[in-house]
Amino acid sequence: MRRVAAAALVLGVLATPAPSSSPPSPSPSSSLSSSPPSGYQAASDTQRTRTGALLPGPGTYADDIAKGETRSYRVRLDGTTNVYLSVVLAPGPGTAVDVVDGISLSLRAASGPACGLRTDVRFYGDTARPVADYVSRRVEPGRDCQEPGEYVLDVEGVGRDTGSQEKPWRWPMEIGYVEEAAPGSEVPPPFPPTAWSTEPPAGALRDGGTRRVRGGTGFNDAAPLAGSGSWRDELRPGESRFYRVPVRWRQQLFARARFGNAEPPPGGSALPDGLRLALYNPARGAVDERKGLYTGEPATLLLGSAPAAYANRTEGATEAVGAMRFAGDYYLQVTLDRRVPAPVPLALDLALATPSAAHAAPAPGRAAGPASDADSGLASGPNSGRASASGPDPGSDPVLRAVGIAGVSTGTALVASLAAWPLLPSRRPRPRSRPRGRHARGA
């Protein structure tokens, strides 16, 4: 199990309608109720692999795993590049799972020593959905696994031992191999703000958007959203929808998922954790998740991130803050319980905000000042700092090179009205709901 570095500095669940916003209305023309949800869409350049095989370089690879089985994959790393190895476990929509079903990830040198803590990826519920996280090798003095050579990614299928004779589950996996170049002297690591609000700016999350969007089935076909705004979609029972949002250095992402009126659960009983809103970073690392009760009545889930900062990987005091270590495309996942009787309308409200530069602490030997592309590590060029409906160019960020994983990018334009906003006093962290350790301080 992964350690808890500290408590989360993120927003909690609101399981009732937000008083200042109206729930989305059902779409009478929707045909979702007559068609089953689509399964996870693989990347177009995914390569099939098998246990014991060498992953030749950055890209995406496909395999499957059963409960109780360990699959191992070899990688050859140099001594200068940070590497993130992610795994997505993706049973088909509507699959029944146990709350502790999932996978456990670890990275070790071929000679045996582990490169860090194990990462547990569990469903923590009985509705299947794509779940993901990563292990990493970071090149820094004093850390393990710094030498060039061969390393091994171990993926173990885990679950409850029921003692039954039933055949263990076997589900597909997608392995992501991402390299991160250390920032050079011309791109100094950005420092994190020392004071930022855990509340969205007043009026930032607005109601009434009419833009329609159809979320994707996973990371590869996630629907691009330009940043701040409001979008409408609809979820079928057992379905997950993915959306990608570009986040620049020092920006915070605030997301509000509003679920409209729908049919009550069978028998009129509520479904615990029937509604979910999760956030992943550009390397497919879990940032945070919000869960809510499904009753058929309107409900709202609200999630806010820390400012994205390179220094979060060493200075981040919590799991959720440590995961906000990249600039690029972040992924929102909204999931509806498989036992919900009918499709549910969804409104997704987003806001990007940058804490005032006057409240940011300078790095040693540097003066505080406004964030710039040079500070952030963003590439200069035609795509730098520009929002695009189709998503930014994934190859334009010199800090993060993600080959085969869509959406690692330079980010979006700042929204003028949110460029500077009053900060509330920073709050002391609160404990997270489950053990984590991949983003423990310095991990």
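Residues numbered from 1 in each chain as written. Predicted model: local features only at pLDDT ≥ 70, side-chain atom pairs only at ≥ 80, totals over all residues. Heavy atoms only, no water.

(A) Representation of the overall build of the chain in the model. Scanning the chain from terminus to terminus reveals 3 helices and 20 strands. When each of the 443 residues of the chain is scored for burial, the buried share is 57%. Carbon and sulfur atoms make up 53% of the accessible area of the chain, which totals about 17200 Å². (Helix = DSSP H or I, 4+ residues; strand = E, 2+ residues; numbered from the N terminus. Buried < 20%, exposed > 50% of the residue type's maximum accessible area, 1.4 Å probe, protein only. Areas by Shrake-Rupley, 256 points an atom, 1.4 Å probe, with all protein chains shown as cover.)

(B) The arrangement of the pattern of salt bridges in detail. The full count for this structure, using the stated rule, is 27 salt bridges. In this structure, the salt-bridge partner of arginine 236 is glutamate 239, at a minimum N-O distance of 2.9 Å. The two residues arginine 236 and glutamate 239 agree in class, both being buried. A salt bridge links arginine 290 to aspartate 288, with the nearest nitrogen and oxygen atoms 3.5 Å apart. A cluster of three or more residues bridged by salt bridges with shared partners is formed by Arg48, Asp63, Asp64, Glu69, Arg71 and Arg170. (Salt bridge = Lys/Arg side-chain N within 4 Å of Asp/Glu carboxyl O.)

(C) Representation of the sheet that holds strand β6 (residues 119-122). The 4 strands lie next to each other as β3-β8-β5-β6, forming an open sheet whose pairing is antiparallel. For this open sheet the edge positions go to β3 (70-77) and β6, each flanked by a neighbour on one side alone. Neighbour to neighbour, the strand axes of the sheet diverge by 20° on average, direction disregarded. Taken together, the 8 bridges between strand β5 (residues 102-109) and strand β8 (residues 149-158) define a ladder with antiparallel strand orientation. Bridge pairing in β8 links serine 106 to aspartate 154. (Pairing = 2+ DSSP bridges. Axes fitted to C-alpha atoms, helices over the stretch in contact; angles between N-to-C directions.)

(D) How the structure looks around the nonpolar core. If you look at the biggest cluster of nonpolar residues, it comprises 45 residues, and the most contacted ones within it are Leu225, Tyr243, Phe259, Leu277, Leu279, Tyr330 and Leu350. Counting residues per element, this core draws most heavily on strand β19 (residues 344-353), at 5 residues. If near-sequence neighbours (up to four positions away) are discounted, leucine 277 is found in contact with Ala255, Ala257, Asp288, Glu289, Arg290, Leu301, Leu303, Leu332, Gln333 and Val334. Counting residues in each nonpolar core, the second largest holds 40 residues, with Ile103, Cys115, Val121 and Ile175 among its members. (Core = buried A, V, L, I, M, F, W, Y, C linked by side-chain atoms within 4.5 Å. Contact = heavy atoms within 4.5 Å.)

(E) Quick look at unusual backbone geometry. Not every positive phi belongs to a glycine, and cysteine 145 is a case in point at roughly 60°. By the element assignment, cysteine 145 lies in the loop between β7 (131-137) and β8.

(F) Broad picture of the packing of aromatic side chains. If you walk through the whole model with that rule in mind, you get 8 aromatic pairs. Consider the rings of tyrosine 84 and tyrosine 134, whose centres lie 4.9 Å apart with planes at 75°: the pair is edge-to-face. With tyrosine 84 in strand β4 (residues 82-89) and tyrosine 134 in strand β7, this pair connects stretches of sequence that are 50 residues apart. Ring centres of tyrosine 84 and phenylalanine 326 lie 5.2 Å apart, and the angle between their planes is 75°; this geometry places the pair in the edge-to-face category. Taken together, the positions of tyrosine 84 in strand β4 and phenylalanine 326 in the loop between α2 (319-323) and β18 (328-336) put the pair 242 residues apart, joining distant regions of the chain. For the pair shown, tyrosine 84 and phenylalanine 326 are each scored as buried. Among the aromatic side chains, those forming a connected cluster through ring pairs are Phe219, Phe242, Tyr280 and Tyr331. Arginine 211 extends its terminal NZ or CZ atom over the ring of tryptophan 231, reaching a point 4.3 Å from the ring centre. The positively charged end of arginine 313 is found above the aromatic ring belonging to tyrosine 310, 3.9 Å away from the centroid. (Phe/Tyr/Trp six-rings, centres within 6.5 Å; stacked < 30°, edge-to-face > 60°. Lys NZ or Arg CZ within 6 Å of the ring centre and 35° of its normal.)

(G) Spotlight on the state of the cysteines. For the coordinates displayed, the defined rule picks out 1 disulfide. Put simply, cysteine 115 and cysteine 145 are joined by a disulfide, and their sulfur atoms are 2.1 Å apart. Taking the sign of the S-S torsion, about -95° here, the bridge from cysteine 115 to cysteine 145 comes out left-handed. With a gap of 30 residues between them, cysteine 115 in the loop between β5 and β6 and cysteine 145 in the loop between β7 and β8 connect regions that are remote in the sequence. One exposure class covers both cysteine 115 and cysteine 145, and it is buried. (Disulfide = S-S within 2.5 Å.)

(H) Structural view of the sheet that holds strand β15 (residues 271-280). Pairing in this open sheet of 5 strands is mixed, and the strands run β11-β13-β18-β15-β16 from one edge to the other. Looking at the sheet topology across the chains shown, the edges are occupied by β11 (223-224) and β16 (286-294). As defined by bridge partners, β15 adjoins β18 across 6 bridges and the pair is classed as antiparallel. Residue leucine 279 lies in a different strand from β18, and its bridge partner there is leucine 332.

(I) The arrangement of the environment of leucine 348 in detail. Looking at where leucine 348 falls in the secondary structure, it is placed in strand β19. Take leucine 348: its relative accessible area is 2%, and that puts it in the buried class. Once the C-alpha coordinates of leucine 348 and tryptophan 231 are considered, the two residues, 117 residues apart in sequence, prove to be 5.2 Å apart. Residue contacts for leucine 348: discarding those within four places in its chain leaves Leu225, Gly229, Ser230, Trp231, Tyr243, Arg256 and Ala257.

(J) Spatial organisation of the environment of leucine 55. Structurally, leucine 55 can be placed in the loop between β1 (47-48) and β2 (59-66). Leucine 55 sits 121 residues away from glycine 176 along the chain, and the two C-alpha atoms are 10.0 Å apart. Ignoring any residue separated from it by four or fewer positions in sequence, one finds leucine 55 in contact with Thr49, Tyr61, Tyr73, Arg74, Val75, Ile175 and Tyr177.

(K) A look at the pairing of β4. Among the 8 residues that make up β4, 8 are buried, leaving the element largely enclosed by the rest of the structure. Residue alternation in β4 divides its side chains into two sets, Asn82, Tyr84, Ser86 and Val88 and Val83, Leu85, Val87 and Leu89, and both sets are buried. Where β4 meets strand β9 (residues 170-180), 8 bridges bridge the pair, whose relative direction is antiparallel. Looking at the pairing, asparagine 82 lines up with glutamate 180 of β9. Pairing of β4 with β7 involves 7 bridges; the strand directions are antiparallel. Each bridged residue has a counterpart across the sheet, and for leucine 89 the counterpart in β7 is valine 131.

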